Amino acid sequence: SDTGSAGNGGNATSNLNLVDSAANYLQVSLGATGGNGGSTSTGTAGNAGTGTVNGNVSSMGSLSLTGSASGGTGGYDYSGSGNGGAGGAANSSLTGTGTGSNSVTVNSAAYGGSGGSNYYGSGNGGAGGAGTAAANGTSGNGSVTVYSTAYGGSGGSNYYGSGNGGAGGWATGISNATGV
């Protein structure tokens, strides 16, 4: 886009609710990545889309549940007074439940998207997207291992112009493990 507005990135969501009563070992992997914002020469850059993963899985056998969500990258304003687009937020929330005496492993990751930059103009860099990851694991009588990893996206830059860089995104990770 020259002087108009570039498009925003699309949102991506992956949801799964599953109860399994037959498998000796169940491995589940979920992922979602938001789209990148559109860029412009002198107009308004687009914001990035969000990535969201939600999983709630229960298994009689050993369970490995993994999820990764990523926000898209904000669009760039190359030489105008507009700001770079905001990076997309990322949210990953996983709950794994073992109903037998087998192990449960839950690994939840969220990566906030980077803000878009303004190269030669007076606009500011876009803010980075927040990353939020939650991992919850419970086992009837087996071992439980949970991991949550969250990264906030970096703020966009103003490389050669008079604007400021964008703020980095927040990161929050929460892990809970329960053995009976």
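The rules behind these values
Residues numbered from 1 in each chain as written. Predicted model: local features only at pLDDT ≥ 70, side-chain atom pairs only at ≥ 80, totals over all residues. Heavy atoms only, no water. Core = buried A, V, L, I, M, F, W, Y, C linked by side-chain atoms within 4.5 Å. Buried < 20%, exposed > 50% of the residue type's maximum accessible area, 1.4 Å probe, protein only. Helix = DSSP H or I, 4+ residues; strand = E, 2+ residues; numbered from the N terminus. Polar contact = N/O pair within 3.5 Å; in protein donor to acceptor, adjacent residues only side chain to side chain. Contact = heavy atoms within 4.5 Å. Pairing = 2+ DSSP bridges. Axes fitted to C-alpha atoms, helices over the stretch in contact; angles between N-to-C directions. Patch = residues over 30% accessible without salt bridge, like charges linked within 9 Å, V, L, I, M, F, W, Y side chains within 5 Å. Areas by Shrake-Rupley, 256 points an atom, 1.4 Å probe, with all protein chains shown as cover. Salt bridge = Lys/Arg side-chain N within 4 Å of Asp/Glu carboxyl O. Phe/Tyr/Trp six-rings, centres within 6.5 Å; stacked < 30°, edge-to-face > 60°.

## Considering the nonpolar core
No. 1: Among the nonpolar cores identified, the biggest contains 18 residues, and Val28, Val53, Val57, Leu65, Leu94 and Val106 are the most heavily contacted of them.
No. 2: Counting only elements with at least two residues in this core, the list comes to strand 2 (25-33), strand 3 (51-59), strand 4 (62-70), strand 5 (90-98), strand 6 (104-111) and strand 7 (131-139).
No. 3: Residue contributions to this core peak at four residues, all from strand 2.

## Thoughts on the side chain of Asn118
No. 1: For Asn118, the location among the structural elements is in the loop between strand 6 and strand 7.
No. 2: Within the structure, Asn118 has its side chain in polar contact with the backbone oxygen of Gly82 (distance 2.8 Å).
No. 3: Within the local environment of Asn118, its side chain forms a polar contact with the backbone nitrogen of Gly121, the two atoms lying 2.8 Å apart.
No. 4: What Asn118 contacts, discounting residues up to four positions off in sequence, is Asp77, Tyr78, Gly80, Gly82, Gly123, Asn124, Ser157, Asn158 and Tyr159.

## Some words on the environment of Ser139
No. 1: Checked against the element boundaries, Ser139 lands in strand 7.
No. 2: Residue class for Ser139 comes out buried when judged on its relative accessible area of 0%.
No. 3: Note: C-alpha distance between Ser139 and Ser114 (25 residues apart in sequence) is 37 Å.
No. 4: Within the local environment of Ser139, its side chain forms a polar contact with the backbone nitrogen of Gly142, the two atoms lying 2.9 Å apart.

## Regarding the sheet that holds strand 7
Two strands in a sheet stick together by hydrogen bonds in their backbones, pointing the same way (parallel) or opposite ways (antiparallel).
No. 1: Here we have five strands laid out as an open sheet, ordered 1-3-5-7-9, and parallel in their pairing. Edge positions in the open sheet fall to strand 1 (12-20) and strand 9 (171-179), since each of these has one partner strand only. Direction aside, the axes of adjacent strands within the sheet are offset by 0 degrees on average.
No. 2: Here nine bridges tie strand 5 to strand 7, and the two strands are oriented parallel to one another.

## Side note on the environment of Gly7
No. 1: In this structure, Gly7 sits in the segment before strand 1.
No. 2: Gly7 gets classed as partly exposed once you look at its relative accessible area, which sits at 47%.
No. 3: Sequence separation of Gly7 and Gly67 is 60 residues, and the distance between their C-alpha atoms is 28 Å.
No. 4: In this structure, Gly7 is in contact with Gly37, Gly38 and Gly46, ignoring residues within four places of it in sequence.

## Considerations on a nonpolar patch on the surface
No. 1: A surface patch of nonpolar side chains, amounting to about 420 Å² of accessible area, comprises Tyr120, Tyr159 and Tyr160.
No. 2: Within the fold, Tyr160 resides in the loop between strand 8 (144-151) and strand 9.
No. 3: Given a relative accessible area of 58%, Tyr160 falls into the exposed group.

## Regarding the packing of aromatic side chains
No. 1: Under the definition given, this model contains seven aromatic pairs.
No. 2: Here Tyr119 and Tyr159 contribute two aromatic rings whose centre-to-centre distance is 4.8 Å and whose plane-to-plane angle is 20 degrees, an arrangement assigned as stacked. Placement of the pair is Tyr119 in the loop between strand 6 and strand 7 and Tyr159 in the loop between strand 8 and strand 9, with a sequence separation of 40 residues.
No. 3: Taking the relative accessible area as the measure of exposure, Tyr119 reaches 21% and is therefore partly exposed.
No. 4: For Tyr159, a relative accessible area of 45% gives the class partly exposed.
No. 5: Through pairs of rings, three or more aromatic residues link up here, namely Tyr76, Tyr78, Tyr119, Tyr120, Tyr159 and Tyr160.

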